[in-house]
Amino acid sequence: MNELPAGWTNSQLGDLLEHIQAGKSVRCVESPPEEGQPGLVKISAVTWGKFNELESKTLLTDEGIDPRNKIHAGDLLISRANTLELVGAPVIVHAISKNLYLSDKVLRLDVPENIKSWVLLCLKSTMSRRQIESLATGNQLSMRNISQDSLRLIEMPLPPAEEQGRIVHKLDALLGQVETLKARIDAIPTLLKRFRESVLRHAASGRLTKDWRDANPALTSKNMLSGSTPLPLPPRYKSRSDAYIEGVCATSIGKPRSKLVDAWDWIPLIHVARMESGHTPSREVSGYWGGDIPWIGIKDARAAHGREIFATHQHTNKLGLENSAARLLPSGTVCVSRTASIGYVVKMGKPMATSQDFVNWVPSPYVNADWLKWLFVAEKESLFRFGKGSTHTTIYFPEWLSLHVALPHVEEQTVIAERVQSLLDLADSLADRVAAAKQRIDTLTQSLLEQAFRGELVPQDPNDEPASLLLDRIRAERAAAFEPKRRRKATTN
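Below, the structure is looked at part by part. Not measured: the values here are computed from a predicted model.

With that settled, consider the sheet that holds strand E16 (residues 245-246). Reading across from one edge, E16-E17-E27-E18 is the order of the four strands in this open sheet, with antiparallel pairing throughout. At either margin of the open sheet sits one strand with a lone partner, and together these are E16 and strand E18 (265-268). Summarising the sheet, strand E17 (residues 251-253) and strand E27 (residues 403-407) pair through three bridges and their orientation is antiparallel. What sits directly across from Thr-251, in E27, is Val-405. Against the sheet, helix H10 (residues 369-378) contacts E17 and E27, and its axis sits at roughly 115 degrees relative to E27.

Shown next as structure tokens:
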């Protein structure tokens with residue numbers, strides 16, 4: 001341990017402990033106990049600085065009920081077994097309303113009341129974390145354990161009692177401010193998620209570009225399509241669904257009776273974009289795979305959702321396409337996963353093929369590919385409405401053939417796509433800044449603790465009783481508490 005400030009001394013957790021109380025492993029049900037019922041805490045109840053009494057399970061027998069194991073307000077608990085990140089996590093129970101007892105994976109550290117807060121700070125520090133991680137045993141990737149003997153070996157600096165009080169008081173104030181800031185930072189990702197959803201809703205409903213339409217009243221979808229020839233109908237057109245399923249905003253199966261926006265018309269998507277399916281070349285023929293043609297699967301679409309895709313995990317080749325129903329589709333094709341995992345949307349950044357899990361749309365000059373991509377992203381809830389099957393939902397091609405979209409003029413589509421991208425880029429930039437801020441806050445907490453352990457957080461007072469005397473007194477009091485009583489000699493007559 002590094003050189004300590006004047007008046008401090010080195011110690012081990014075992015020097016400061018009066019006792020370690022271990023719980024039991026007994027039969028329980030997973031549900032939390034009802035009011036008054038006895039329960040056992042789970043390891044998930046003990047995390048960094050927080051005790052959650054709802055993370056408990058109901059005892060089935062009286063076997064685990066031992067007054068020595070009952071948890072009380074003010075107890076200093078530590079997880080004996082957990083993942084590497086949480087093994088040895090400490091917490092002081094500030095309040096408890098349930099009738100709970102220690103489990104075999106949660107220990108109570110009985111330390112003198114006047115140093116309990118200091119011991120908690122030490123156990124939360126990087127200094128102790130490194131020791132705990134090196135002393136813990138078990139699988140590095142799953143459950144780790146630390147024994148009572150190993151816990152006793154954890155080294156921690158001990159300041160004079162008066163200085164401990166000053167440090168704890170100062171840290172409580174500073175870390176309270178840090179926690180408040182952290183809570184505000186932690187709330188931002190939820191706000192950004194709502195912002196992204198709002199941008200997409202406004203884009204799909206026409207609210208995002210109302211000002212543009214007001215300035216360009218002649219640029220309507222009706223004027224755009226006037227005199228145009230619809231695309232050739234696909235071979236399976238006669239199998240289209242005759243159902244009407246209303247989407248959330250700008251999509252539907254079948255044509256809605258009312259307009260969404262005056263300048264937009266409900267158009268069958270197959271009239272303005274060519275529908276293509278995907279396929280998987282035979283896996284049994286290795287010669288069909290490993291070529292130079294990117295092949296989009298669900299894994300690729302999940303990773304690139306809402307973006308332009310240029311690379312895939314798997315590649316097929318010309319031979320694979322010639323011997324399957326897979327097709328090489330042009331750059332700009334919009335792909336929507338329609339089964340297995342509905343609603344992943346990507347735009348091809350180069351010619352590619354896809355699996356049969358996708359329906360693919362090749363835009364005509366009347367459709368902006370980025371607008372169509374964002375439309376499907378915005379309408380994810382609608383896609384689930386259009387699917388069939390409770391456990392494994394699929395949108396079948398009869399429904400896709402009857403899909404109608406509220407179509408803006410292509411120039412408005414371009415404006416919509418640009419505004420959506422700009423706003424979502426802003427949200428992503430804010431998210432990056434939030435992540436960096438969270439990292440700085442975590443670093444700040446440890447920095448404050450390290451300052452405290454170096455004696456730099458509050459001034460030393462030469463009049464404080466040296467910590468070595470405090471440590472001697474703790475040891476003496478513990479020894480006296482466990483010193484066996486002398487037996488009186490029997491007298492004879």
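We now examine the side chain of Arg-108. If you trace the backbone, Arg-108 turns up in strand E12 (residues 106-110). Classification of Arg-108 as buried rests on a relative accessible area of 7%. Within the structure, Arg-108 has its side chain in polar contact with the backbone oxygen of Lys-70 (distance 2.6 Å). Among the polar contacts made by the side chain of Arg-108, one reaches the side chain of Asp-75 at a distance of 3.0 Å.

Bringing the packing of aromatic side chains into the picture now. Applying the stated rule across the entire model yields five aromatic pairs. Here Trp-118 and Phe-453 contribute two aromatic rings whose centre-to-centre distance is 5.3 Å and whose plane-to-plane angle is 85 degrees, an arrangement assigned as edge-to-face. Remark: Phe-453 occurs in helix H13 (residues 410-453) and Trp-118 occurs in helix H2 (residues 116-124); sequence separation between them is 335 residues. Judged on exposure class, the residue Trp-118 and its partner Phe-453 are both buried. Note on Trp-289 and Trp-295: the rings are 5.2 Å apart at their centroids and 90 degrees apart in plane angle, and the pair reads as edge-to-face. Residue Trp-289 shares its accessibility class with Trp-295, and that shared class is buried. One aromatic cluster is present, formed by Trp-8, Trp-118 and Phe-453 through successive ring pairs.

Quick look at a nonpolar patch on the surface now. Together, Phe-195, Leu-426 and Leu-430 give the surface a local cluster of nonpolar side chains, amounting to about 230 Å² of exposed area. The residue Leu-426 is located in helix H13 in this model. Looking at Leu-426, the relative accessible area reads 45%, which means it is partly exposed.

The next thing to look at is helix H3 (residues 126-135). Looking only at H3, the buried set comprises Ser-128, Arg-129, Gln-131 and Ile-132. Down the axis of H3, the sector holding all buried residues measures 165 degrees, keeping them to one side. Projecting away from the buried face of H3 at angles above 90 degrees are the exposed residues Arg-130 and Ser-134. In this structure, the buried residues of H3 make contact with H2 and strand E15 (155-158).

Reading the values: the criteria
- Residues numbered from 1 in each chain as written.
- Predicted model: local features only at pLDDT ≥ 70, side-chain atom pairs only at ≥ 80, totals over all residues.
- Heavy atoms only, no water.
- Pairing = 2+ DSSP bridges.
- Helix = DSSP H or I, 4+ residues; strand = E, 2+ residues; numbered from the N terminus.
- Contact = heavy atoms within 4.5 Å.
- Axes fitted to C-alpha atoms, helices over the stretch in contact; angles between N-to-C directions.
- Buried < 20%, exposed > 50% of the residue type's maximum accessible area, 1.4 Å probe, protein only.
- Polar contact = N/O pair within 3.5 Å; in protein donor to acceptor, adjacent residues only side chain to side chain.
- Phe/Tyr/Trp six-rings, centres within 6.5 Å; stacked < 30°, edge-to-face > 60°.
- Patch = residues over 30% accessible without salt bridge, like charges linked within 9 Å, V, L, I, M, F, W, Y side chains within 5 Å.
- Areas by Shrake-Rupley, 256 points an atom, 1.4 Å probe, with all protein chains shown as cover.
- Salt bridge = Lys/Arg side-chain N within 4 Å of Asp/Glu carboxyl O.
- Arc of directions from axis to C-beta.

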